[in-house]
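# Coordinate analysis (summary)
The lines below spell out each chain.
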Amino acid sequence: MSRLVLAAVLVLGLSACSDDPDEVPPDAGATADSGTATDAGTDVDAGTDAGSDAGTQVDAGTDAGSGSSQGSGKLPCISTGSVKTDAGTLPFCEAQVGEARVKIIEPQAGIVAAPMKLAIYLHGDGAAAYNGSNPRALFTHGGWTYGHNTLYVAALAPNKCAWWTNPGRTDCTTEGTDADRDLEGKNAATLVEIIEALRRGWNIQDGPIYFGGSSGGSIQLTASFLPRYGDRYPGVYALSCGGEKPWSGKMDWDTTQASLRGDTKFYFTYGDLDPLLLDIRDAESYFTGLQFPVNDKVIAGAAHCAFDQVGRVSEVWNEVTP
């Protein structure tokens, strides 16, 4: 979609890239739909100190190595809570990693030998799937990851509302514009910092990482993170109602090398009435042209995120799991 056309649908497009089509904009104080009541989880966890510095700046150029991270000690919790999932009520830990916060659900102990897989979800604008006493992302994804030897992490954007806009845009009551895009890749570097902190705290397989995004989270993954760091972090990308070609106009690594593309593949899901339709399809064509496996599921008659786009993420993860 051209930027002029995108601007014409801004209210329906990037500026309203919420996790749920029924959500109100961030200035109205939206939270995740509760579904069921749970422990709000505001108690500080003083007893689970991971012994690793969650705020340490990570060298994004460090290769993940081969095999697994051999990490241990976890991350220190700034708060704890619980969430009802289809696997029962599960505890979660909220930790600080640099400028971002993450909510973590560990997999069921002992069901599969270490190392574990890693799944990371990036919310849409407003962060409703992350916030609240019963975070939608956690109760939707947590049950699946718990039973599949997968460490689950929902990550809150540094500006606490939108992964695709620069972290300096802290007034989330205003609508984001193209001028607010994180063209410097600061949020992408934050995501690297999160991944490396998790790899230090748990014994995690080197890849593929299970990435998931809704709307603006999907845009961040395809337009900024992947072009910069996709060679170091091969992954399965479950992308709901969003996605764009690299903002820089290029990939920063040699995608002609199959060894660098690794196990990376894309699963786009979107409605055929989404105002971001052309951007998403341009991204599909772009990554197909670079020889990545690209799959899509088009929801007939659906507007922007007007389907279970959070649930679709774990559905994709399940499809690709042996």
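Residues numbered from 1 in each chain as written. Predicted model: local features only at pLDDT ≥ 70, side-chain atom pairs only at ≥ 80, totals over all residues. Heavy atoms only, no water.

## Examining the overall build of the chain
What counts here: Secondary structure elements follow DSSP: runs of H or I no shorter than four residues count as helices, runs of E no shorter than two count as strands, and numbering proceeds from the N terminus. Throughout this description, buried means an accessible area under 20% of the type-specific maximum (1.4 Å probe, protein chains only), exposed means over 50%, and partly exposed covers the range between. Residue contacts are defined here by distance: any two heavy atoms, one from each residue, within 4.5 Å place the two residues in contact.
If you tally the helices and strands in the chain, you get 7 helices and 9 strands. Out of the 322 residues belonging to the chain, those deemed buried represent 56%. Taking as baseline every contact in the chain between residues at least 6 positions apart, the subset at least 24 positions apart corresponds to 78%.

## Observations regarding the sheet that holds strand S3 (residues 100-105)
Let me state the cut-off plainly: Should DSSP find at least two bridges between two strands, the strands are regarded as paired. The angle between two axes is taken between their N-to-C directions and runs from 0 to 180 degrees, where each axis is a line fitted to C-alpha atoms and a helix contributes only its stretch in contact.
Taken in spatial order, the 9 strands of this open sheet run S1-S2-S3-S5-S4-S6-S7-S8-S9, and their pairing is mixed. Strand pairing shows two members of the sheet lacking a second neighbour, strand S1 (79-85) and strand S9 (294-299), which therefore form its edges. Recorded for the sheet is a direction-independent mean angle of 20° between the axes of neighbouring strands. In this sheet, S3 lies alongside strand S2 (residues 88-97) in antiparallel orientation, the contact comprising 5 bridges. In the sheet register, Glu-94 faces S3, and the bridge partner there is Lys-103. Of the strands in this sheet, S2, S3, strand S4 (117-122), strand S5 (150-156) and strand S6 (209-214) touch helix H3 (residues 186-201), which is tilted by about 150° from S4. Against the sheet, helix H4 (residues 216-229) contacts S4, S6, strand S7 (235-240) and strand S8 (265-271), and its axis sits at roughly 125° relative to S6.

## Notes on the nonpolar core
Stated precisely, the cut-off is as follows: Side-chain atoms within 4.5 Å are what join buried Ala, Val, Leu, Ile, Met, Phe, Trp, Tyr and Cys residues into a set we call a nonpolar core.
Counting 52 residues, the largest nonpolar core has Leu-118, Leu-151, Ile-195, Leu-198, Phe-211, Phe-225 and Phe-287 as the members making the most contacts within it. Considering every element that reaches this core, the biggest residue donor is H3, with 7 residues. Not counting chain neighbours up to four residues away, the residues in contact with Ile-195 comprise Leu-118, Ile-120, Ile-209, Phe-211, Phe-225 and Tyr-233. Formed by 23 residues, the second largest nonpolar core is a distinct cluster that contains Tyr-121, Ala-137, Tyr-267 and Trp-317.

## As for the state of the cysteines
So the rule is basically this: Note on terminology: disulfide denotes any pair of cysteine sulfur atoms within 2.5 Å.
A full pass over the atoms with the stated rule returns 3 disulfides. Across the disulfide from Cys-77 sits Cys-93; the S-S distance is 2.2 Å. What sets the handedness of the Cys-77 and Cys-93 disulfide is the S-S torsion sign, and at about -120° it is left-handed. Placement of Cys-77 in the loop between helix H1 (3-8) and S1 and of Cys-93 in strand S2 is noted, with a sequence separation of 16 residues between them. Accessibility assignment for this pair places Cys-77 and Cys-93 in one class, buried.

## Considering the packing of aromatic side chains
The cut-off we apply is this: Any two of the Phe, Tyr and Trp rings considered here, Trp counted by its six-membered ring, make a pair once their centres fall within 6.5 Å; the pair's planes then place it as stacked at under 30 degrees, edge-to-face at over 60, or tilted in between. Only when the NZ atom of a Lys or the CZ atom of an Arg is both within 6 Å of the ring centre and within 35 degrees of the ring normal do we say a charge sits over the ring.
A full pass over the atoms with the stated rule returns 15 aromatic pairs. Feature note: the residues Phe-211, Phe-225, Tyr-229, Tyr-233, Tyr-237, Trp-253, Phe-266, Phe-268, Tyr-286, Phe-287 and Phe-292 constitute an aromatic cluster, connected by ring pairs. Of note, Lys-103 hangs over the ring of Tyr-130, and the distance from its end group to the ring centre comes to 4.5 Å.

## A closer look at the pairing of S1
Among the 7 residues of S1, 5 are classified as buried, and the element is accordingly described as predominantly covered. Bridge analysis of S1 against S2 gives 7 bridges, and the strand direction is antiparallel. Bridge assignment links Thr-85 to a residue of S2, and that residue is Gly-88. Here S1 folds back onto S2 in antiparallel fashion, the turn holding 2 residues.

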